[in-house]
Amino acid sequence: MSIQWFPGHMHLTRKAIGERVKEIDVVIEMLDARLPGSSANPLMAELTSGRPTLKVLNKQDMADPVRTALWLEHYNAQPNTRAIALDASDTAPARALIDACFALAPKRGGMVKPMRVLICGIPNVGKSTLINTLKGKRAAKTGDEAGVTRTESRIALADDFYLYDTPGMLWPRIVVPESGFNLAASGAVGKNAYDEEEVAYELLAHLKEHYPALMEARYKFGLTPEALLQTPEDTLLEHIGRQRGALASGGRINTQKAAELVIADFRSLHLGRITLETPEQFGRWLKAGLKADADRAARKNKLREEGHIRPERKPKVDQRKAPRKSR
């Protein structure tokens, strides 16, 4: 299953970021600490024109601390980039990003040269919660679903520090299949863009390999880590459905409901602190995804050259002056 979600307002966001960044000093990209690679927008490097970047691994309290440390090391090794981890609802760590921005742009500050910061990230990553924490009041609308913020807004965090908030944005095509599943599991894509059972299967496959103790503690399979690893995901999901009362008529397992329960357990921390990827894992996924995407494009071009696919036709431009609409 390929997961894609790029509604119309995201096209407008992409355009708005491209325009706004011309007058920006630092870009804050908020990432989900549970999936730092998958939640990093590959368009941002292009859109932000090489501006100093602060990577904020948000929701660190929900992520595996060992893996969070690996990701911080990974991002802090990149040029013109700093990375910090925080929980957006905790005031003290959140203030650290202001100092980090001044460290990235030390010549900014004061009334003559106020710091201008663009904050962006995928949907439901916690931007609005962070902004409200920094501001000390409800400056931005929040919600536990993708796509709550729809328009850009400017927020003054200090007399010489302006923060431009943008709507959450994904990218037009997700070429890393694992990223699609991880984004769906985190709640970053709309519900109509994925199948809950497929996402639950992928989530269970990761958990039984990397977090068997957390799975056993939550679902009481009665299996050793070795036996759990050998058990098919559909069998595990049926057990969870039976244990949690996700039953249909006749005592059958409602796998749809069971899948929703697994995803909800991950999102609500009931399974424990989990990170779905390491820098090394994501690097392999990205390499394979880019290769598959290049192969797909090559096949498509070959079919077009052989005449099996019609060449894309450019729309005709009518040079005549359009008639004026009557009022």
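Heads up: the structure comes first, above all this text.
Residues numbered from 1 in each chain as written. Predicted model: local features only at pLDDT ≥ 70, side-chain atom pairs only at ≥ 80, totals over all residues. Heavy atoms only, no water.

K.L.:
Any details on the overall build of the chain? Residues and values, ideally.
P.N.:
For the chain, the helix and strand inventory stands at twelve helices and six strands. When the accessible surface of the chain is split by element, carbon and sulfur atoms take 51% of a total near 17,400 Å². (Helix = DSSP H or I, 4+ residues; strand = E, 2+ residues; numbered from the N terminus. Areas by Shrake-Rupley, 256 points an atom, 1.4 Å probe, with all protein chains shown as cover.)

K.L.:
A description of the sheet that holds strand β4 (residues 115-121) should follow, citing residues and the corresponding values.
P.N.:
Strand order in this open sheet of six strands is β3-β2-β1-β4-β6-β5, and the pairing throughout is mixed. Every interior strand has two partners, whereas the edge strands, β3 (81-86) and β5 (153-158), have only one. Taking each pair of neighbouring strands and ignoring which way they run, the sheet shows an average axis angle of 25 degrees. Bridge analysis of strand β1 (residues 26-32) against β4 gives five bridges, and the strand direction is parallel. Note on β4: the bridge partner recorded for Met 30 is Gly 121. In the packing of helix α3 (residues 65-76) onto the sheet, the strands contacted are β1, β2 (53-58) and β3, and the crossing angle to β3 comes to about 160 degrees. (Pairing = 2+ DSSP bridges. Axes fitted to C-alpha atoms, helices over the stretch in contact; angles between N-to-C directions. Contact = heavy atoms within 4.5 Å.)

K.L.:
Lay out helix α5 (residues 127-135) with the relevant residues and their values.
P.N.:
Side chains that are three or four residues apart share a direction in an α-helix, a result of its 3.6 residues per turn. Of all nine residues in α5, seven are buried; the element is thus mostly enclosed. Every buried residue of α5 is listed here: Lys 127, Ser 128, Leu 130, Ile 131, Asn 132, Thr 133 and Leu 134. Downstream of α5 by a residue or two, Gly 136 has a phi angle that is positive, lying close to 85 degrees. (Buried < 20%, exposed > 50% of the residue type's maximum accessible area, 1.4 Å probe, protein only.)

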